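Working through the structure, step by step
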Amino acid sequence: MTSSPPANAAPTTARLFLGQLLSYVADPFTTPPEQAAQWERRGGIVVRGGRITATGNAETLRAAHPRAEVIDLGEALLSAGFVDAHVHYPQTGIIASWGKRLIDWLESYTFPEEARFGDPGHAGRIAALYLDLAQGAGITTMCSYGTIHPESVEAFFTEAEARGLRAAAGRTCMDRNAPDSLRDTARAAHDESAALIARWHGRGRLSYAITPRFAPTSSPEQMEALGALWAAHPGCLMQTHLSEQTEELAWVAELFPKARDYLDVYEGFGLLGPGAVMGHAIHLTARERARLAESGAAVAHCPTSNTFIGSGLCDVAGLRAGGVRLGLGTDTGGGSSFSMLRTMASAYEVAQLRGVALHPAQLWWLATVGGAQALRMEAHVGNLSPGMEADIVAIDLASTPAIAQRAARARTIWEALFPTIMMGDDRAIAAVVVGGERWTFPTS
Ligand code: GUN
Ligand code: ZN
């Protein structure tokens, strides 16, 4: 990956990024998708001091900003950077581990790897590696789990801050049903999370996500302590897993016999509300769906993980129709990819298996605006409009011969984009701009 030019050369100079432009003026799940999106054949984005100040037609913007530094990305499609609403950066090294379902997969692959993150050197190396891979895939905002070690969160935030990313993360809390070396207590979970909140939450572009791993690995005391912590810091996110695999549901019902359902377990401990981000959410009752929408919680749909670990087919269209905030998650390393393009492709395939064809404008929205909404960051990132932070991804719509030959037949932008959604990988990521001030050309 090459970097160019030096960051912050002259922060008040306007920059004008040129290319095709894709942004959203409405929600493509409630407005016809092609009306919800806005496409400019030859467009531009004016950036000053890290924020977008104008978007529109390239020539109009050039005339209005004659002294702006021009970064012409040619035929590339400029979009808001991707938002990954659910990822486990510590699982980078065990992605694509064979042959297990959720509980066995956690015990065989995940826990042994996570046990290494008390070592700040290991945590720092994997955080840097993960963030390079994510940025190379066009992801400019992510919400990551750490491990139970505060060092894992320190390492992640340190690396994210150095890159200028808007990112969230939290110390993963577990005080039962995990190996000795990965178990904490209700008190340690509360106090160590609180110390990380004090140090990192709201620092620059970083925010904290209170992180009980999932109901089976937290005692009632721990969930209560984390519910109290969230009540004391309502500006934090709260991330956990919900209704991913049928075996897990049965286990939760055994552990919490008084709860009405899985979601009710979290609600009972104050772990449901605006800013809650529920990973997976596949096997839901009608009550849970309604409650997710009413409570203002969000779902992170993780389709590559749900197929890879064999979890099931999340009802994206139904959740959106019910008014649930919804973004996409790679769920690396339960998910089988670092790529949001691959994640969109998987979301398309999963929806097809449920009898729904998601429009490319809906898939792209889920990977940008939807993710930002899920993380309550939609005022800052996820779209290209004046006032938003200038996180931009430039997409090459002809990045391989296979994609190029299909895109050459396209009659609309959606036909041109869909082959990249379905077949694209990091070769399609022509440039990644973070905060308008630093950019990389991953493929050059
Ligand atoms: N449920 C609890 N922990 C995890 C995890 O690390 N990955 C996935 N996919 N599901 C989980
Ligand atoms: Zn997960």
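Residues numbered from 1 in each chain as written. Chains lettered and ligands numbered in written order. Predicted model: local features only at pLDDT ≥ 70, side-chain atom pairs only at ≥ 80, totals over all residues. Heavy atoms only, no water.

Considering the overall build of the protein chain
For the protein chain, the helix and strand inventory stands at 16 helices and 17 strands. Computed over C-alpha atoms, the radius of gyration of the protein chain comes to 21 Å, within 12% of the 22 Å expected from 2.2 N^0.38 for 444 residues, which places it in the range of a compact globule. For the protein chain, the proportion of contacts with a sequence separation of at least 24, taken over those separated by at least 6, is 75%. With an accessible surface of roughly 15700 Å², the protein chain has 54% of that area assigned to carbon and sulfur atoms. The protein chain carries 36 positive and 45 negative side-chain charges, and their two centres are separated by 4 Å. (Helix = DSSP H or I, 4+ residues; strand = E, 2+ residues; numbered from the N terminus. Rg over C-alpha atoms; globule rule 2.2 N^0.38 Å. Contact = heavy atoms within 4.5 Å. Areas by Shrake-Rupley, 256 points an atom, 1.4 Å probe, with all protein chains shown as cover. Lys, Arg positive; Asp, Glu negative; His and termini not counted. Charge placed at Lys NZ, Arg CZ, Asp CG, Glu CD.)

What about helix 10 (residues 286–295)?
Those residues of helix 10 lying buried are E288, L292 and S295. Seen from one end, helix 10 has its buried residues packed into an arc of 85°, which puts them on one side. Facing away from the buried side of helix 10, by more than 90 degrees, are the exposed residues A286 and E294. Taken together, the buried residues of helix 10 touch strand 11 (237–242), helix 9 (262–268), strand 12 (276–280) and strand 13 (298–301). Looking one or two residues beyond helix 10, the residue adopting positive phi is G296, at roughly 80°. (Buried < 20%, exposed > 50% of the residue type's maximum accessible area, 1.4 Å probe, protein only. Arc of directions from axis to C-beta.)

Let's talk about the nonpolar core
One finds F82, M142, F156, L292 and W364 to be the most contacted residues of the largest nonpolar core, which totals 102 residues. When sequence neighbours within four positions are dropped, the list of residues in contact with W364 reads L22, Y24, S79, F82, L341, M344, I395, L417 and I421. I45, A390, I392 and V433 belong to the second largest nonpolar core, which has 18 residues in total. (Core = buried A, V, L, I, M, F, W, Y, C linked by side-chain atoms within 4.5 Å.)

Here we look at helix 13 (residues 340–353)
For helix 13, with 14 residues, the first-to-last C-alpha span of 20 Å sits near the 20 Å given by 1.5 Å per residue. Looking at helix 13, one finds that the buried residues are M340, L341, T343, M344, A345, S346, A347, Y348, V350 and A351. Between the side-chain oxygen at the start of helix 13 and the backbone nitrogen of L341 there is a gap of 3.0 Å, and the oxygen is on S339. After helix 13 finishes, the residue G355 shows a positive phi value of roughly 85°. (Expected span 1.5 Å × (residues − 1). Polar contact = N/O pair within 3.5 Å; in protein donor to acceptor, adjacent residues only side chain to side chain.)

A word on the coordination of the zinc ion (ligand 2)
The protein atoms that coordinate the zinc ion (ligand 2) are H86 (NE2), H88 (NE2), H241 (NE2) and D331 (OD), at distances spanning 2.0 to 2.5 Å. One can describe the donor arrangement at the zinc ion (ligand 2) as irregular, given that its four donor atoms subtend angles of 87 to 163° at the metal. When the donor residues of the zinc ion (ligand 2) are listed from N- to C-terminus, their spacing reads H-x1-H-x152-H-x89-D. Of this pair, H86 sits in strand 6 (residues 82–88) while H241 sits in strand 11, and the two are 155 residues apart along the sequence. In this structure H86 comes out as buried when scored by relative accessible area, which is 1%. (Donors = N, O, S within 2.8 Å, 3.2 Å for Na, K, Ca; no water. Tetrahedral: all angles 85-135°; square planar, octahedral: opposite > 155°, others 65-115°.)

Comments concerning the packing of aromatic side chains
The description of an aromatic ring pair uses the distance of the two centres, along with the angle that the planes make with each other. With the rule as written, the count across this model stands at 11 aromatic pairs. Measuring from ring centre to ring centre gives 5.7 Å for F29 and W365, while their planes differ by 65°; the resulting arrangement is edge-to-face. Of this pair, F29 sits in the loop between strand 2 (15–24) and helix 1 (33–36) while W365 is found in helix 14 (residues 360–374), placing the two residues 336 residues apart along the sequence. There is no split in this pair, since F29 and W365 are both buried. Plain terms: the ring middles of Y348 and F418 are 4.9 Å apart, the flat faces sit at 70° to each other, and that makes the pair edge-to-face. Placement of Y348 in helix 13 and of F418 in helix 16 (residues 413–423) is noted, with a sequence separation of 70 residues between them. For F418, a relative accessible area of 24% puts it in the partly exposed group. An aromatic cluster is present here, built from Y89, F117, Y130, F156, F157, W200 and F338 joined pairwise through their rings. In this structure, R203 is placed above the aromatic ring of W200, and the distance from its NZ or CZ to the ring centre is 4.1 Å. (Phe/Tyr/Trp six-rings, centres within 6.5 Å; stacked < 30°, edge-to-face > 60°. Lys NZ or Arg CZ within 6 Å of the ring centre and 35° of its normal.)

What is shown is where atoms sit, not what they do.
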